[in-house]
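Per-entry structural report
Okay, here's what each chain looks like letter by letter:
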Amino acid sequence: MKKKTNNINFNTKSIHIGSDPDKINGAISPAIYATSTYIQKAPADHYGYEYTRTHNPTRTRLEECLAALESAKFCAATSSGMAALSLVLHNLPHGSKILCGDDVYGGTYRQLTTIFNEIHNIGFIDTSDTKKTKKKIEEFKPDLVWIETPTNPLLKISDIKEISASTKKVKALLAVDNTFMTPYFQRPLELGADIVIHSLTKYLNGHSDALGGAIISSNKKFMEGIRYLQNSMGPSLSPFESFLILRGIKTLGVRMEKHQENSIKIAKYLESHQKVENVIYPGLKTHPQFKVAKKQMSGFGGMMSVNLKTNIAGAKRFIKALNLFSLAESLGGVESLIEQPATMTHASVPKKIRESIGIKDGLIRISVGIENVEDLTQDFDNALKKI
Ligand SMILES: *Cc1c(COP(=O)(O)O)cnc(C)c1O
């Protein structure tokens with residue numbers, strides 16, 4: 001009952017890869033293999049699975065699907081996005097040189113600067129500045145370059161193709177955190193990157209009810225190392241979370257289209273509002289890297305940041321007056337969320353560094369959901385009056 005999947009398009013892959021019907025009873029929705037271990041026919045003669053930390057059939061299905069969506073050969077699904085980062089960093093020899101974007105996810109910054117700084121040699125740079133980044137790569141000769149594009153929360157875009165040309169020259173690996181765009185809008189491996197990392201917690205799952213991460217690559221040797229570490233250190237994704245995320249992925253395409261459609265309308269609405277200083281959204285012509293965004297992404301996603309013409313107190317009143325936008329960290333779910341990076345997601349980044357990279361106290365980050373867009377703009381309309 002294995003489906004033929006060689007010549008199918010993205011939305012078909014997201015529904016069919018990893019979702020072959022059950023071989024025994026034909027169930028169209030595969031079982032959740034809630035098992036820790038597997039019987040063996042004779043000692044060391046097993047059915048392909050020995051222990052769930054190492055492998056699990058439900059997780060295998062998700063990994064096959066994710067690898068296909070990112071045009072890769074291999075995928076390892078981890079218990080969170082941060083677990084994926086830690087496996088990638090442990091998979092490098094001690095003392096490796098790592099060059100990282102300076103506007104990455106707060107947790108990524110924290111892991112690099114308070115845990116892996118003891119093990120590796122870590123530098124930061126604004127990777128949306130291509131020229132500066134290429135020069136730095138040639139001088140620093142890193143072993144790994146880690147970029148997030150677009151970044152969080154300033155939506156800065158880095159040119160994957162240009163940066164990969166430089167990493168290839170110095171034989172460095174290029175890892176791209178593709179959480180914001182998902183493979184639906186951006187496929188970094190096709191642009192020259194070596195490794196893609198995801199927080200599956202966000203758009204890929206899409207329903208704010210599971211935590212997960214993934215490391216995706218066609219580099220066999222690198223992924224063998226990842227498998228070894230995953231088995232040895234233990235951050236493997238559970239069967240139930242694997243099932244939920246695989247289920248979420250089936251609607252990835254339609255969700256991403258709707259996130260984008262709503263975002264464009266909201267960005268335009270906010271941009272023209274007198275209480276708004278500026279809107280940062282990759283799909284606006286005013287975005288500093290709009291050209292690069294158009295070149296490497298097939299859409300602009302559902303994340304935006306807004307600078308309100310107000311102080312901390314006014315921003316607080318605005319957030320409090322919202323009805324449909326929930327105040328919460330995280331992003332990428334069907335429901336709209338709002339947060340204040342300076343006091344929430346990026347609180348672990350020191351204030352001085354935060355401000356130097358442009359995260360002001362009045363900056364608001366929005367994860368636009370897939371609700372009715374008129375309801376969402378109405379909600380903003382009411383709340384903006386409270387500033
Ligand atoms: C949330 C997030 C992470 C971390 O993922 P978790 O699943 O929360 O561990 C990493 N990168 C980006 C861009 C994120 O948004």
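1. A closer look at the sheet that holds strand E13 (residues 337–339)
Taken together, the 5 strands give an open sheet; going across it, the order is E10-E11-E14-E13-E12, and neighbouring strands pair in mixed fashion. Of all strands in the sheet, those bounded by a partner on one side alone are strand E10 (276–280) and strand E12 (326–327). Summarising the sheet, E12 and E13 pair through 2 bridges and their orientation is parallel. Counted as the bridge partner of Leu-327 is Ile-338 from E13. Contacting E10, strand E11 (303–308) and strand E14 (363–367), helix H10 (residues 252–271) runs over the sheet at an angle of about 10 degrees to E11.

2. Some details on the domain arrangement of the protein
It is common to report an interface's size as the accessible area lost on association of the parts. Looking at the assigned domains, one finds that the protein contains domain 1 (10–249) and domain 2 (253–384). Centre-to-centre separation of domain 1 and domain 2, based on C-alpha positions: 26 Å. The interface of domain 1 with domain 2 comprises 37 residues on the first partner and 42 residues on the second. Interface area, domain 1 with domain 2, both sides summed: about 3,200 Å², of which 59% is carbon and sulfur. For domain 1, the biggest contributors to the area lost against domain 2 are Ile-157, Phe-185 and Tyr-203; these three give 25% of the whole. Across the domain 1-domain 2 interface, the total number found is 1 salt bridge. With a closest N to O distance of 2.7 Å, Lys-295 and Asp-159 form a salt bridge. Our count for the domain 1 to domain 2 interface comes out at 15 residue pairs in polar contact (both at pLDDT 80 or more). Broken down by secondary-structure element, the contributors of at least two residues to the side of domain 1 that touches domain 2 are helix H4 (106–114), helix H6 (160–169), helix H7 (182–185) and helix H9 (239–249).

3. Considering unusual backbone geometry
Cis geometry is adopted by the peptide bond preceding Pro-150, which originates at Thr-149 and carries an omega value of -5 degrees. Looking at the secondary structure, you find Pro-150 in the loop between strand E6 (144–148) and H6. Asn-152 connects to Pro-153 through a cis peptide bond whose omega is 15 degrees. Here Pro-153 shows up in the loop between E6 and H6. Phi angles above zero are rare outside glycine, and Ala-44 is one such case at about 65 degrees. By the secondary structure assignment, Ala-44 is in the loop between strand E1 (40–42) and strand E2 (45–46). The exposure class of Ala-44 is exposed, given its relative accessible area of 71%. One non-glycine residue, Lys-171, lies in the positive phi region at around 60 degrees. Mapped onto the secondary structure, Lys-171 falls in the loop between H6 and strand E7 (173–177). Look at Lys-171 and you get exposed, because its relative accessible area is 75%.

4. So, the pattern of salt bridges
Following the criterion strictly, the structure yields 16 salt bridges and no others. With its nearest N and O atoms 2.9 Å apart, the salt bridge here joins Arg-227 to Glu-63. Placement of Arg-227 in helix H8 (residues 220–233) and of Glu-63 in helix H2 (residues 57–69) is noted, with a sequence separation of 164 residues between them. Put simply, Glu-277 and Lys-360 hold a salt bridge, and the shortest N to O gap is 3.7 Å. A residue pair is termed long-range when its members are at least 10 positions apart, and Glu-277 in strand E10 and Lys-360 in the loop between helix H13 (351–356) and E14 qualify at 83 residues. Each of the salt bridges in this network shares a partner with another, and the network as a whole consists of Arg-59, Glu-63 and Arg-227.

5. Overview of the layout of surface pockets
Counted as a void, the largest pocket has a volume near 600 Å³. Lining the largest pocket are 18 residues, with Lys-23, Tyr-33, Tyr-49, Pro-57 and Arg-61 positioned closest to its centre. Met-82, Tyr-105, Gly-107, Ser-199 and Lys-202 are the residues nearest the centre of the second largest pocket, which is lined by 29 residues in total. Broken down by element, the lining of the second largest pocket gets its largest block of residues, 4 residues, from H4. Counted by class, the lining of the second largest pocket contains 10 nonpolar, 14 polar and 5 charged residues. Two domains each put at least three residues into the lining of the second largest pocket: domain 1 (10–249) and domain 2 (253–384).

6. Regarding the side chain of Glu-148
Examined against the element boundaries, Glu-148 turns out to sit in strand E6. At 2.7 Å, the side chain of Glu-148 and the backbone nitrogen of Tyr-105 are in polar contact. Beyond its immediate chain neighbours, meaning those up to four positions away, Glu-148 contacts Asp-103, Val-104, Tyr-105, Thr-108, Lys-156, Ser-158 and Asp-177.

7. Considering empty space enclosed by the protein
Unfilled space is identified by rolling a water-sized probe across the atoms. Applying the stated criterion to the full structure yields 3 cavities of 30 Å³ or more. Of the pockets and cavities examined, the largest cavity occupies roughly 50 Å³. Around the largest cavity sit Gly-101, Asp-102, Asp-103, Val-104, Ile-125, Asp-126, Thr-127, Ser-128, Glu-148, Thr-151, Lys-156 and Ser-158, which together line it. Residues that form the lining of the largest cavity fall into these classes: 2 nonpolar, 5 polar and 5 charged.

Each value, and the rule that gives it
- Each residue is numbered by its place in its chain's sequence as written, counting from 1.
- Two thresholds apply to this predicted model, a pLDDT of at least 70 for residue-level local features and 80 or more for giving and counting side-chain atom pairs, whereas whole-chain, interface and lining totals are computed over all residues.
- Values shown for side chains rest on all heavy atoms present in the structure; no hydrogens or waters enter the calculation.
- For two strands to count as paired, DSSP must find a minimum of two bridges between them.
- Helix and strand definitions follow DSSP, with helices as H or I runs of at least four residues and strands as E runs of at least two, each counted in order from the N terminus.
- A contact between two residues is defined here by any heavy atoms of the two lying within 4.5 Å.
- Every axis corresponds to a line fitted to the C-alpha atoms, with the helix fit spanning only the stretch in contact, and the corresponding angles, defined between N-to-C directions, vary from 0 to 180 degrees.
- Throughout the structure description, domain borders are defined by an automatic or database domain assignment.
- A 1.4 Å probe defines the accessible area here, and the buried area is the portion of it lost by two parts on being joined, summed over both.
- Salt bridges are defined as contacts in which a side-chain nitrogen from Lys or Arg sits within 4 Å of a carboxyl oxygen from Asp or Glu.
- N or O atoms within 3.5 Å of each other form a polar contact, as long as, within protein, one can give a hydrogen and the other can take it, and as long as residues adjacent in sequence are counted only when both atoms are side-chain atoms.
- We call a residue buried when its accessible area falls under 20% of the maximum for its residue type, exposed when it is over 50%, and partly exposed in between, using a 1.4 Å probe and counting protein chains only.
- The way it works is a 1 Å grid over only the protein atoms, where trapped points that fit a 1.4 Å probe form a cavity and open points with protein on both sides within 12 Å along at least five of seven lines form a pocket, and then any residue with an atom within 4 Å of a point lines it.
- Grid points are joined across faces, edges and corners, and a volume is the space filled by probe spheres set on the points.
- Classification used: nonpolar for Ala, Val, Leu, Ile, Met, Phe, Trp, Tyr, Cys and Pro, charged for Asp, Glu, Lys and Arg, polar for all others including Gly.

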